[in-house]
Amino acid sequence: MTTYDIALIGFGGVNRTLAELVATRGDTLRSELGFGLRVVAITDLRLGSLVQPEGIDLGIALNLDGGSETFAAHGGSADTNNELVIRDCTADIICEATFTNPDDGEPAVSHVRWALESGKSVCTTNKGPVALRGAELTALAEQNGVHFEFEGAVMSGTPVIRLAKKMFAGLKLNGFEGILNGTSNYVLGRMESGLDFEEAISEAKELGYAEANPAADIEGYDVQLKVLILANELLDAGIELKDVQREGISTVTPENIQKATREGRRWKLVGSARRNPDGSVTAGVSPVALPLSHGLAGVSGATNAVSFDTDLLGPVTVSGPGAGRVETAYALLSDIIAMHAASKEVAANV
Ligand code: HSE
């Protein structure tokens, strides 16, 4: 039976939950999917680093809650040197779940690069490296004969990227529109129920939906990155961040929301991209008061949905959770499952 050794870079909600899944579902994974997982390294800004090639005791790691205790008390170090750990550890797969930096994607871009250069596969939920350096990192993975998977960068564990890439074969994709940010959708819904903006945002933070800086959710930066990822990955748009027009929901007032309700409309933050007749792609994110009859108007809470416009099937819509710790940790697991399936395919063809 194959066992993949994994390293967790960033030990916040997502990778912590992945560690819980490894600890609680390891046997099921082995019997149902035919592989085991062993965590051999963890690094975290607050907790330091722990590298144990024979496998980390996840009970101990999960008990560290970010108080004054660090990995130094358990055979590790209070500091982190991510480059050293990523390049030198014995992991087969690096699970990158540090915060998204929408400006230059760092330090996650470097984490991914170090891993791929040292022959390790990468799965990440981090939008920065995928949106800003996706093509370059995918090429680097190919050069090094390893995998670079990032299902969780858009709509957490709800399968969108892999589904569209694999299941839309033979169809022509003309574009897509979707609700791609759980926090802003949650906030708009709560404002519709009468809550004020700030209260709604703190609820979204508590529920684990919001980014480290919730302005990324509210001002549309998060959706801008996701639209860029989908446009480049699925429409082969070859565009950059500056090509995705952006407007967030902070301009939507309670009065706007009440007026829309009276008119049978609902405000949604919609991200979209469309191929033009000349082959170029127009992409953007903006708040829109959708009529209730619109397919995206009924998508509520932190749920996301994306509707793909295909030539032979017309619109095909995928809906599911777009945020949350368990949902996003599952995305990493689904990436590892995809890597395993691809390796088995290669082995079968040799
Ligand atoms: N903050 C994001 C959201 C998390 O609310 O959708 C997933 O990218």
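Residues numbered from 1 in each chain as written. Predicted model: local features only at pLDDT ≥ 70, side-chain atom pairs only at ≥ 80, totals over all residues. Heavy atoms only, no water.

A. Structural view of the packing of helix α7 (residues 182-192) against helix α8 (residues 197-206). One can describe the packing of α7 onto α8 by two numbers: an axis separation of 9 Å at closest approach and a directional angle of 135 degrees. As the angle between them shows, α7 and α8 are arranged oblique. The interaxial crossing formed by α7 with α8 has right-handed handedness. Contacts between α7 and α8 involve Thr-183, Tyr-186, Val-187, Arg-190 and Met-191 on the former and, on the latter, Phe-197, Ala-200, Ile-201, Glu-203 and Ala-204. Class assignment of the residues belonging to the contact of α7 with α8 gives a composition of 7 nonpolar, 1 polar and 2 charged. (Axes fitted to C-alpha atoms, helices over the stretch in contact; angles between N-to-C directions. Helix = DSSP H or I, 4+ residues; strand = E, 2+ residues; numbered from the N terminus. Parallel < 35°, antiparallel > 145°, perpendicular 65-115°, else oblique. Left-handed = near helix turned anticlockwise from the far one by under 90°. Contact = heavy atoms within 4.5 Å. Nonpolar A, V, L, I, M, F, W, Y, C, P; charged D, E, K, R; others polar.)

B. Spotlight on the sheet that holds strand β8 (residues 244-246). With mixed pairing, 6 strands are arranged side by side in an open sheet as β8-β10-β9-β7-β11-β12. Taken across any chain shown, the strands that pair with only one partner, and hence form the sheet edges, are β8 and β12 (314-321). Across this sheet, the average inter-strand angle for adjacent strands is 25 degrees, counted without regard to direction. Of the pairings in the sheet, the one linking strand β7 (residues 173-179) to strand β9 (residues 265-275) comprises 4 bridges and is antiparallel in character. (Pairing = 2+ DSSP bridges.)

C. How the structure looks around the pattern of salt bridges. Tallied over the full model, the rule gives 17 salt bridges. In this structure, the salt-bridge partner of Glu-136 is Arg-113, at a minimum N-O distance of 2.8 Å. Of the two residues, Glu-136 is situated in helix α5 (residues 127-143) and Arg-113 in helix α4 (residues 108-117); the sequence distance between them amounts to 23 residues. Under the relative-accessibility criterion, Glu-136 is labelled partly exposed at 40%. Owing to a relative accessible area of 24%, Arg-113 belongs among the partly exposed residues under this scheme. Through salt bridges with shared partners, one network takes in Glu-83, Arg-87 and Glu-117. (Salt bridge = Lys/Arg side-chain N within 4 Å of Asp/Glu carboxyl O. Buried < 20%, exposed > 50% of the residue type's maximum accessible area, 1.4 Å probe, protein only.)

D. Spotlight on the environment of Gly-208. Mapped onto the elements, Gly-208 comes out in the loop between α8 and α9 (215-218). Not counting chain neighbours up to four residues away, the residues in contact with Gly-208 comprise Gly-324 and Arg-325.

E. Examining the site of the ligand more closely. Close to the ligand lie Lys-127, Asn-181, Gly-182, Thr-183, Tyr-209, Ala-210, Glu-211, Asp-217, Asp-222, Lys-226, Gly-322 and Ala-323, which account for all nearby residues. Measuring from an oxygen atom of the ligand, one finds a side-chain N or O atom of Thr-183 at 2.6 Å. One of the side-chain N or O atoms of Asp-217 is found 2.7 Å from a nitrogen atom in the ligand. Expressed as a share of its isolated accessible area of 260 Å², the protein-covered part of the ligand is 92%. Of all the elements in the fold, those that place two or more residues in the shell around the ligand are α7 and α10 (221-234). Looking at side-chain class alone, the shell around the ligand contains 3 nonpolar, 4 polar and 5 charged residues. (Near = heavy atom within 4 Å. Polar contact = N/O pair within 3.5 Å; in protein donor to acceptor, adjacent residues only side chain to side chain. Areas by Shrake-Rupley, 256 points an atom, 1.4 Å probe, with all protein chains shown as cover.)

F. Just the packing of aromatic side chains, in detail. The final tally for this structure, using the stated rule, is 6 aromatic pairs. Between Phe-168 and Phe-308 the ring centres are 5.3 Å apart and the planes differ by 80 degrees, which places this aromatic pair in the edge-to-face class. In this pair, Phe-168 sits in the loop between α6 (161-167) and β7 while Phe-308 sits in strand β11 (residues 303-310), placing the two residues 140 residues apart along the sequence. Overall, Phe-168 belongs to the buried group, its relative accessible area being 10%. Residue class for Phe-308 comes out buried when judged on its relative accessible area of 0%. One aromatic cluster is present, formed by Phe-168, Phe-176 and Phe-308 through successive ring pairs. Over the aromatic face of Tyr-221 sits the side chain of Arg-246, whose NZ or CZ is 4.0 Å from the ring centroid. (Phe/Tyr/Trp six-rings, centres within 6.5 Å; stacked < 30°, edge-to-face > 60°. Lys NZ or Arg CZ within 6 Å of the ring centre and 35° of its normal.)

G. Expanded view of the domain arrangement of the protein chain. For the protein chain, the assigned domains are domain 1 (2-157 + 326-349) and domain 2 (161-321). Together, Lys-127, Val-154 and Met-155 form the three largest contributors to the area buried by domain 1 at its contact with domain 2, with a combined 41%. Taken together, the links from domain 1 to domain 2 amount to 3 salt bridges. Between Asp-222 and Lys-127 there is a salt bridge, with its nearest N and O atoms 2.9 Å apart. At the boundary of domain 1 and domain 2, one finds 7 residue pairs in polar contact (both at pLDDT 80 or more). Listed by contribution, the elements that provide at least two residues to the side of domain 1 that touches domain 2 are α5 and α12 (325-349). (Domains from an automatic or database assignment. Buried area = accessible area lost by both parts, 1.4 Å probe.)

H. Structural detail: the sheet that holds strand β4 (residues 93-96). With mixed pairing, the 6 strands of this open sheet are ordered in space as β3-β2-β1-β4-β5-β6. Whereas interior strands pair on both sides, the edge strands pair on one side only; in this sheet they are β3 (48-51) and β6 (148-149). Here α12 sits on the sheet and contacts β1 (2-9), β2 (35-44), β4, β5 (121-124) and β6; the angle it forms with β5, its principal contact strand, is near 150 degrees.

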